[in-house]
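Per-entry structural report
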Amino acid sequence: MADSEELHLEKHVDYIKSLDKKSDFDAVAMEHLRMSGAYWGLTALDIMGRLGDMNVDEIVAWILKCQDECGGFGGNYQHDPHILYTLSAVQILCLFDRLDAVDGDKIAAYITGLQNEDGSFAGDEWGEVDTRFSYCAICCLSLLKRLDKIDLEKACDFVARCKNFDGGFGCIPGGESHAGQIFCCVGALAIGGALHHVDKDLLGWWLAERQVKSGGLNGRPEKLPDVCYSWWVLASLVIMDRVHWIDKKKLAQFILDCQDPEGGGISDRPDDAVDVFHTYFGVAGLSLLGYPGLKAIDPAYALPVDVVDRVFYGQKKQPPVS
Amino acid sequence: MHGRPRQRPGQAPSPLHHQEQAYAVELQKLMPQFLQSNRTCWVFDVGVVCSYSAEAMNQNARLLELNPEFYTAWNYRKRAVEEILGRETDEEARKGIAQRELDVVVRALRVNHKCYGAWYHRKWVIGLGLSSLDAELVLLKKLLRLDGRNFHGWDYRRFIVKTKGVPPEEAILFTTDKINENFSNYSAWHNRSALLSEISKKEGTEINRVQAMLEDEYDFVKNSFYTDPDDQSGWFYYCWLLEQTIALVGTPGSDVWLMKVLDKEIEACRELLELESNSKWTKLTLARLLLTHASYNTSSRKSDTDEARTHFEELCSLDPTHREYYQYQLSMLSSKELIKDRSSLTTQHEGSEELQLKS
């Protein structure tokens, strides 16, 4: 794997740009979550300093087409609205500094309408409850500066009720801890100002134990490592100030080993097929690890730090990192 | 894509590839047709009855079999079921409608057993109250035998158990079975921790009973350490047991009991270390037991702490990946001692401080 020691940035940029033209099974099977696919691809491009290559107006026009009358966004044009894709849509608009293109109150009303009496959130009108949706709601409303529209304390209390014996969090109370779910819960509590619910030493240790011999991270005990956990685990550890509890160098090497040096893109494990999801998580993970040449990413909002700063403080874009 | 080998340039595509291409073509044909009819129903939802023809439902089922993640298609089914049940009064026919949905879910789960949308659809159908809960438990037994770590399956099982009103004392038996099948089943240990908490927090549960339960759990989990001391699953559970044990301190008779448990567990870890001198988890657990012992037994405080420190130091070289974590434990240990020293210093110098203030 001698040639995998560096980040093949140009290859990844080309790979992400090529995705829109594909029509193989994987591409067709991902049609329903194109909004999230776009968020992953575009955020990765921004971290690599290449968001400027994209046609902003075209993308924003498509996002607007995916908005339903209720205020929520679907995963694609004509697909039903869902909180997952509503967050992705808002995140993309933040990337492009185009939040002005949407009615923030209307989106906020959609999200507020999904909160249940116990503080939890449904994903859509059909009522599935999951702490992933708590994260989507809190993150999205925070970006829209409308966190006051929900009962935030109840929302955070519900997340806290999903805490387990190992300090981790599950989908609902009683659900098993899983690194992806932990990111959602820790991220939601961080944005909601309720990190006191997290047992940082216990959870930090459990998360640090996700690192396996190859340097990669798994999502649960006795499972295989996967590049996506370079985001879920790492971002949680950064939020909790426990990232030094893992071997960062070994993790960076694992991510780099998962690159496709010829076709571009990053896969879950070395020599597996690449996809946009793992490409984003790999690049985002490397950014959290301070890999040279990449923009810094915010571990809670999952957006570049300069984008988050612009949303909250109206700051101008930072010059790209050399 | 998760777990799929990378296709090299010039490499002949796998037979699966051709089948997938055929599926892609079929999906591309079905999706726009579906989205069109879905939108029509959406728009005319109020007032105009949608047809939800058998043909449309079959087409939708095929779509979900090809791509179970296509959430809008699950939504369509829910709308259809609500509409059809609204005009069907015959109980058997109603049950049949629910069963058809459960069948569609099973076909989807065969393609992707980790599909959130499929699992939720099943929950939603069960919520209609037209299906047998026992049949669900039978199905789950099969599924969790194929993949004992499927957290969707476990979540769904907890939902069925709750709906059915199974008491935790009975529900815990399933976790015992799963752990006996494979002690590395962390999902089962997790569920066990939740059920055990539920049992011990039940009103009227006597403290003696909780103590006895915890002692049984120590014995149960230790079995796994002798089979594979490197497997994480049982050790996390053990760590939690220790926390539950400490939590009992202050209740009548618990202080003596705690020392008895700690002595026994420290002894067990030492024995295990004799067999597996490089077992990281045994060392770490022993260090924690010793520190707990130290905080409740002043006479052995120094020797316990010194021994714990040696274990943490050894762990730094035994498990360099987590070196920083062990270093943190060591620094916590030092700062604790420092605080203790300082408090004794303050007591000694109290008089002189007062003097300084007066002057």
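This write-up is about the structure you can find in this document. Every value quoted in this text rests on a predicted model; they were computed, and no experiment measured them.

Calculation criteria
- Residues numbered from 1 in each chain as written.
- Chains lettered and ligands numbered in written order.
- Predicted model: local features only at pLDDT ≥ 70, side-chain atom pairs only at ≥ 80, totals over all residues.
- Heavy atoms only, no water.
- Salt bridge = Lys/Arg side-chain N within 4 Å of Asp/Glu carboxyl O.
- Helix = DSSP H or I, 4+ residues; strand = E, 2+ residues; numbered from the N terminus.
- Contact = heavy atoms within 4.5 Å.
- Buried area = accessible area lost by both parts, 1.4 Å probe.
- Polar contact = N/O pair within 3.5 Å; in protein donor to acceptor, adjacent residues only side chain to side chain.
- Axes fitted to C-alpha atoms, helices over the stretch in contact; angles between N-to-C directions.
- Parallel < 35°, antiparallel > 145°, perpendicular 65-115°, else oblique.
- Left-handed = near helix turned anticlockwise from the far one by under 90°.
- Nonpolar A, V, L, I, M, F, W, Y, C, P; charged D, E, K, R; others polar.

**Some words on the pattern of salt bridges**
Using the criterion set out here, one finds 42 salt bridges over all chains in the structure. The residue Glu136(B) makes a salt bridge to Arg122(B) at a minimum N-O spacing of 2.7 Å. Taken together, the residues span a long stretch of sequence, with Glu136(B) in helix α6 (residues 133-146) and Arg122(B) in helix α5 (residues 116-126) at a distance of 14 residues. One network of salt bridges, with partners in common, ties together Glu10(A), Lys17(A), Arg50(A) and Asp53(A).

**Section: the interface of chain A and chain B**
Contacts between the two partners involve 70 residues from chain A and, on the opposite side, 63 residues from chain B. Both faces considered, chain A and chain B share a buried interface measuring about 5800 Å² in area, 54% of it formed by carbon and sulfur atoms. Of all residues in chain A, Trp126(A), Phe165(A) and Trp205(A) bury the most surface against chain B, accounting for 16% of the area lost on that side. Inspection of the region where chain A meets chain B yields four salt bridges. Between Arg79(B) and Asp80(A) there is a salt bridge whose closest N-O contact spans 3.5 Å. Along the contact surface separating chain A from chain B lie 31 residue pairs in polar contact (both at pLDDT 80 or more). At the level of secondary structure, the elements contributing two or more residues to the side of chain A that touches chain B comprise α2 (25-29), α10 (200-208) and α13 (276-288) of chain A. The dominant element in the side of chain A that touches chain B, judged by the number of residues it contributes, is α10(A), at five residues.

**What about unusual backbone geometry?**
All names here are of chain A. Positive phi, normally seen in glycine, also occurs at Glu222, with a value near 60°. Tracing the chain through its elements places Glu222 in the loop between α10 and α11 (229-239). Unusually for a residue other than glycine, Asp241 sits at a positive phi of about 60°. Tracing the chain through its elements places Asp241 in the loop between α11 and α12 (248-257).

**What to know about the packing of helix α3 (residues 34-47) of chain A against helix α4 (residues 56-65) of chain A**
Each pair of packed helices gets described by two things: the angle between the helix axes and the distance between those axes. Residue and element names in this part refer to chain A. At a minimum axis distance of 11 Å, the contact between α3 and α4 shows a crossing angle of 150°. Judged by the angle between their axes, α3 and α4 are roughly antiparallel. The two elements α3 and α4 cross, and the hand of that crossing is left-handed. Counted together, Arg34, Met35, Ala38 and Leu42 of α3 and Ile59, Trp62 and Ile63 of α4 form the full contact between these two elements. For the contact of α3 with α4, the residue count by class is six nonpolar, no polar and one charged.

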